[in-house]
Amino acid sequence: MKLILLGPPGAGKGTQAKMLTERFSIPQISTGDILRAAVKDKTPMGLKAKQYMDAGGLVPDEVVVGIVRDRLQEADCINGFILDGFPRTVAQADALQTSLEEMDKALDRVISLDVDAEALVERLTGRRTCKDCGRGYHVQFDPPRVDALCDACGGSLFQRDDDQEETIRKRLQVYADQTSPLISYYRDADVLIELDGMQPIPQVQEKMLSLLQAG
Ligand code: ADP
Ligand code: AMP
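These lines cover the structure that appears in this document, whether it is placed above or below. Note that the structure is a prediction, hence the values are computed from the model and not measured.

1. Remarks on the site of ligand 1
Around ligand 1 there are 18 residues in total, and Gly10, Thr15, Arg127, Tyr137 and Gln199 lie nearest to it. With respect to ligand 1, the backbone of Gly14 contributes an N or O atom lying 2.8 Å from an oxygen atom. Within the complex, 91% of the 560 Å² of free accessible area of ligand 1 lies under protein. Elements with a contribution of two residues or more to the shell around ligand 1: helix 1 (13–24), strand 6 (136–138) and helix 9 (201–213). When residues in the shell around ligand 1 are grouped by element, the largest group, 3 residues, is from helix 1.

2. Here we look at the site of ligand 2
Neighbouring ligand 2 are 16 residues; Thr31, Arg36, Gly57, Gly85 and Gln92 lie closest to it. Between a nitrogen atom of ligand 2 and a side-chain N or O atom of Thr31, the distance comes to 2.8 Å. Here Arg88 contributes a side-chain N or O atom positioned 3.0 Å from an oxygen atom of ligand 2. In terms of residues, the shell around ligand 2 owes the most to one element, helix 2 (residues 31–40), which gives 4 residues. In terms of residue class, the shell around ligand 2 is made up of 6 nonpolar, 5 polar and 5 charged.

3. Re unusual backbone geometry
With an omega of 0 degrees, the peptide bond between Phe86 and Pro87 qualifies as cis. With respect to the element layout, Pro87 can be found in the loop between strand 3 (81–84) and helix 5 (90–102). In the Ramachandran plot, Ser25 falls in the positive-phi region, its phi being about 50 degrees despite a non-glycine side chain. By the secondary structure assignment, Ser25 is in the loop between helix 1 and strand 2 (28–30). What makes Ser25 exposed here is its relative accessible area of 60%.

4. Some points on empty space enclosed by the protein
Scanning the model with the defined rule gives 1 cavity of 30 Å³ or more in all. Estimated volume of the largest cavity: approximately 70 Å³. Along the walls of the largest cavity sit Ile4, Leu5, Leu6, Gly7, Lys13, Gly85, Phe86, Pro87, Arg88, Tyr175 and Thr179, which together make up its complete lining. Counting residues per element, the ones that place at least two in the lining of the largest cavity are strand 1 (2–6) and helix 7 (165–179). If you tally residues by element for the lining of the largest cavity, the top one is strand 1, at 3 residues. When its residues are assigned to classes, the lining of the largest cavity shows 6 nonpolar, 3 polar and 2 charged.

5. Side note on the sheet that holds strand 6
Read across the sheet, 3 strands follow the order 6-5-7 without closing on themselves; strand pairing throughout is antiparallel. In this open sheet, the two strands that pair with only one neighbour each are strand 6 and strand 7 (157–158). By the bridge criterion, 2 bridges tie strand 5 (residues 127–130) to strand 7 in an arrangement that is antiparallel. The residue bridging Thr129 from the neighbouring strand is Phe158, located in strand 7. Against the sheet, helix 6 (residues 117–125) engages strand 5 and strand 6, with an angle of about 40 degrees to strand 5.

Calculation criteria
Residues numbered from 1 in each chain as written. Chains lettered and ligands numbered in written order. Predicted model: local features only at pLDDT ≥ 70, side-chain atom pairs only at ≥ 80, totals over all residues. Heavy atoms only, no water. Near = heavy atom within 4 Å. Polar contact = N/O pair within 3.5 Å; in protein donor to acceptor, adjacent residues only side chain to side chain. Areas by Shrake-Rupley, 256 points an atom, 1.4 Å probe, with all protein chains shown as cover. Helix = DSSP H or I, 4+ residues; strand = E, 2+ residues; numbered from the N terminus. Nonpolar A, V, L, I, M, F, W, Y, C, P; charged D, E, K, R; others polar. Buried < 20%, exposed > 50% of the residue type's maximum accessible area, 1.4 Å probe, protein only. 1 Å grid on protein atoms, 1.4 Å probe; cavity = no way out; pocket = protein on both sides within 12 Å on 5 of 7 lines; lining within 4 Å. Points joined across faces, edges and corners; volume = space filled by probe spheres on them. Pairing = 2+ DSSP bridges. Contact = heavy atoms within 4.5 Å. Axes fitted to C-alpha atoms, helices over the stretch in contact; angles between N-to-C directions.

Dropping the structure here:
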């Protein structure tokens, strides 16, 4: 299964991708996670990316295209993958198409999650992430059993620097301007599934699985 999860920041891509990786035994490839790891490790790429990420803008296409091209060559992608947060521009989508053709592969589905702007702000301001295993939570919609600790591994939860309201609004505008054109891009390619992302997490999950299993 070769999938893209498309949608604005906070739509639930990461949350749903984690469920799909277990269900289909394929990796989640989150360019945001890869970039944050590079920032943390202070690699040259991380140092360059940080300024764009802190400002809520997009990291240049050539950087993320290179990351994904290399990642797709790894052995665990042999049976498929879930791209989460990539592509985010038409240029990235075109580059992905080229990389897949070079590997004799093709996308099966692009699932677009649709969520209202005010719900996105509420989701992102309340998002918390485990610093050890990366599992996501929400203070109200998906709280951990013990306050500020991960249910899965007991790690402490943190709030992302870019999940502050001002940066969130900038990221939502960047999505509207640069990423939302990919909805018609993939509709034209006949691989798009549009899904109402406003339902609670288990309902979105159930609907996504039934749509994927319907083929
Ligand atoms: P994305 O990867 O698209 O940026 P996340 O999966 O990290 O979004 O979700 C953003 C926040 O919203 C997280 O705190 C998550 O727990 C919460 N969330 C995800 N899906 C839903 C949903 N269907 N209803 C309510 N909250 C959700
Ligand atoms: P995310 O974790 O998907 O919300 O991404 C966090 C930040 O990483 C974004 O606001 C961008 O600055 C950067 N980023 C992640 N993926 C991409 C991408 N495909 N293209 C450009 N920038 C990206």
